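Residues per chain, in single letters:
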Amino acid sequence: MIQLQIKRIYHPTATNGTLFLMGQELCKTIELPWKQNRKQISCIPEGLYRIRFRVSKKFSRHIELLQVPDRSLILVHPANNALKELRGCIAPVMELTAPGRGLRSKTALKLLLNSLDALNIPDKQEMQIEIMQLAFI
C-alpha cells in the first residue's frame, strides 16, 4: 500500500504541514485553519483517507481524497495562498513563507505526482493519506 502522510501545525489563521511519501519528506503543505470541518472555510479532520488520481480542466492531474466526513471534492491541488485559493483542499508547496502561504506549488504537485508515478502504482492498488497533528500554535 502506498502511504502519504501530512503532519500538521495549526495556526490561528491557517494550517501548515509537511508531506511525507513512504516516510520520506517530499514537500510542505498549506491549508485553511481548523474550523470544526465547516465546508469551504476549514481544513478537513485528521484521519486516514483513501486517495486517487483525478484530472480536471482547472487543475489538470491532481489527487482527490475520498470519504472525507461531511465533505466532498477534497483535492490536493496547486495554491500558494490558502485563504485566497483554497476551500478545504490541500496545496503542496516547496517552501513555507507564513501560515497558509508558500512558494512554487505547481512544482511541489509535479514532484508529488512524479514521485508516485515512479513507484509504478497499479491502477487498482489502494493509496492512502494519513493526516495528523504535530502541534497547535
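The rules behind the values
Residues numbered from 1 in each chain as written. Predicted model: local features only at pLDDT ≥ 70, side-chain atom pairs only at ≥ 80, totals over all residues. Heavy atoms only, no water. Pairing = 2+ DSSP bridges. Helix = DSSP H or I, 4+ residues; strand = E, 2+ residues; numbered from the N terminus. Axes fitted to C-alpha atoms, helices over the stretch in contact; angles between N-to-C directions. Buried < 20%, exposed > 50% of the residue type's maximum accessible area, 1.4 Å probe, protein only. Contact = heavy atoms within 4.5 Å. Disulfide = S-S within 2.5 Å. Phe/Tyr/Trp six-rings, centres within 6.5 Å; stacked < 30°, edge-to-face > 60°. Lys NZ or Arg CZ within 6 Å of the ring centre and 35° of its normal. Core = buried A, V, L, I, M, F, W, Y, C linked by side-chain atoms within 4.5 Å.

Chemist: Can you explain the sheet that holds strand E10 (residues 127-136)? Please cite residues and give values.
Modeler: Spatially, E6-E5-E4-E10-E1-E2-E3-E7 is the arrangement adopted by the 8 strands of the open sheet, whose pairing is mixed. Edge positions in the sheet fall to strand E6 (74-76) and strand E7 (91-93), since each has one partner strand and no second. With direction set aside, neighbouring strand axes in the sheet form an average angle of 35°. Bridging between strand E4 (residues 47-56) and E10 involves 5 bridges; their strand directions are antiparallel. Paired with Tyr49 across the bridge in E10 is Ile129.

Chemist: Any chance you could break down the environment of Arg50 for me, citing the residues and the numbers?
Modeler: Examined against the element boundaries, Arg50 turns out to sit in strand E4. The class for Arg50 is partly exposed, based on a relative accessible area of 35%. Sequence-wise, Arg50 and Leu66 are 16 residues apart; in three dimensions their C-alpha atoms are separated by 5.4 Å. For Arg50, the residues in contact, after removing those within four places along its chain, are Glu64, Leu65, Leu66, Gln67, Glu126, Met127 and Gln128.

Chemist: Go over the state of the cysteines, please, and point to the residues and values.
Modeler: Under the definition given, this model contains 0 disulfides. Considering cysteine sulfurs only, Cys89 is the nearest to Cys27, which forms no disulfide, with 15 Å between them. Note on Cys89: no disulfide assigned, nearest cysteine sulfur contributed by Cys43 at a separation of 12 Å.

Chemist: Could you give an account of the packing of aromatic side chains, with specific residues and numbers?
Modeler: This model, assessed by the stated rule, comprises 0 aromatic pairs. A cation over an aromatic ring shows up here: Lys7 above the ring of Phe20, its NZ or CZ 5.1 Å from the ring centre.

Chemist: Give me the lowdown on the side chain of His11, citing residues and values where you can.
Modeler: In this fold, His11 is placed in the loop between strand E1 (2-10) and strand E2 (15-21). Accessibility expressed as a relative area gives 18% for His11, which makes it buried. Contacts of His11, omitting those with residues within four sequence positions, involve Asn16, Pro33, Pro99 and Ile137.

Chemist: Kindly report on the nonpolar core, identifying the contributing residues and their values.
Modeler: Generally speaking, soluble globular proteins have nonpolar side chains that are buried together. Core analysis: the largest hydrophobic core is formed by 25 residues, its most contacted members being Leu4, Leu65, Leu112, Leu116, Ile129 and Ile131. In terms of residue count, the dominant contributor to this core is helix H2 (residues 105-118) (5 residues). Ile131 has contacts with Ile6, Arg8, Ile44, Glu46, Gly47, Tyr49, Leu65 and Ile90, leaving out every residue within four places of it along the chain. Grouped together as the second largest cluster of nonpolar side chains are 10 residues, Leu32, Ala82, Leu86 and Cys89 included.

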